[in-house]
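Here is how the chains run, residue by residue.
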Amino acid sequence: MNKVQQKISLALSLCLVAFIVACGGGEPPKTDPNAPPPQSMVKEDVPDGKAIYTKTCQACHQENGQGVPKAFPPLANADVLNSNVEGAIDGVIHGRKGELIVNGEKYNTEMAPLGGTLNDAEIAAVLTYVYSQWGNNGSVITPEMVAARRTKK
Ligand code: HEC
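Not measured: the values here are computed from a predicted model. Along every chain, residues carry numbers that run from 1 in the direction the sequence is written. Reporting in this predicted model follows two pLDDT cut-offs: at least 70 for local features of residues, and 80 or more for side-chain atom pairs to be given and counted; totals over whole chains, interfaces and linings ignore these cut-offs and use all residues. By convention in this description, side-chain values take in all heavy atoms of the structure and omit both hydrogens and water.

1. What to know about the coordination of the iron atom of the ligand
No. 1: Each metal's donors are the N, O and S atoms found within 2.8 Å of it, except that Na, K and Ca use a 3.2 Å limit; water is left out, so coordination can look incomplete. Looking at the metal site, the iron atom of the ligand is ligated by H61 (NE2) and M111 (SD), spaced 2.0 to 2.1 Å from it.
No. 2: Think of it this way: with four donors and all angles in the 85 to 135 degree range, the site is tetrahedral; with four or six donors, opposite ones beyond 155 degrees and the rest between 65 and 115, it is square planar or octahedral; otherwise it is irregular. Viewed at the metal, the 6 donor atoms of the iron atom of the ligand are separated by angles of 86 to 180 degrees, and the geometry they form is octahedral. On the criterion of sequence distance, the pair formed by H61 in helix α3 (residues 58-61) and M111 in strand β4 (residues 110-111) is long-range, its members being 50 residues apart. Helix and strand assignments come from DSSP, with helices taken as H or I runs of at least 4 residues and strands as E runs of at least 2, each series counted from the N terminus.

What follows is the structure, encoded as structure tokens:
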């Protein structure tokens, strides 16, 4: 070996040592019991529309959205719901009352405003759930659409 070769060889062995040290020398990684769960296990922060329906709407509109004759209009395959997304959002936020004809049946009762109980994401989720069920038209309601109706009546 000449001088240059010696230097190169020394440099290479130093690199190798540094590499091994950097790899932690085979010590097993410690698991911290207080560490947050891996990202894949964290539930996404989107509210569960079905759960909100069960808790907030089902008492009146019934489990399958069929409503109660003369008292609570149906949400299943409902012409009013399917023809007017903004009206549906407004009704949940601000409540609704007065004469209303749903699928040919007349109702004249009152739905209390739920805009104080449910936030924009929750109203979006519950309405998207309702639109996805029982023969409805599959409209998707976003929290932004709800926010835009909050200021309107
Ligand atoms: C306390 C009973 C009650 C609750 C709870 C309730 N509603 Fe209603 N809802 C009514 C009544 C009564 C009407 C009809 C009001 C009228 O006559 O103008 C109505 C009307 C509607 C309508 C328009 C008519 C139709 O059938 O398409 C929609 C849409 C609606 N409700 C959705 C909801 C959703 C979604 C929830 C839950 C977030 C909910 N309602 C909770 C009683 C209720």
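2. Overview of the site of the ligand
No. 1: Being near a molecule or strand, for a residue, means having at least one of its heavy atoms within 4 Å of it. As a structural note, the neighbourhood of the ligand is formed by 24 residues, with C57, C60, H61, P74 and M111 the closest of them.
No. 2: Pairing of N or O atoms within 3.5 Å defines a polar contact, subject to two protein rules: one partner must be a possible hydrogen donor and the other a possible acceptor, and residues neighboring in sequence count only if both atoms are side-chain atoms. Side-chain polar atom of H61 to a nitrogen atom of the ligand: 2.8 Å apart, as the coordinates give it.
No. 3: P74 places a main-chain nitrogen or oxygen 2.6 Å from an oxygen atom of the ligand.
No. 4: Within the residue set of the shell around the ligand, elements represented by two or more residues are α3, α4 (79-83), β1 (96-97), β2 (100-102) and β4.
No. 5: Residues are sorted three ways: Asp, Glu, Lys and Arg are charged, Ala, Val, Leu, Ile, Met, Phe, Trp, Tyr, Cys and Pro are nonpolar, and all the rest, Gly among them, are polar. Class assignment for the residues of the shell around the ligand results in 17 nonpolar, 4 polar and 3 charged.

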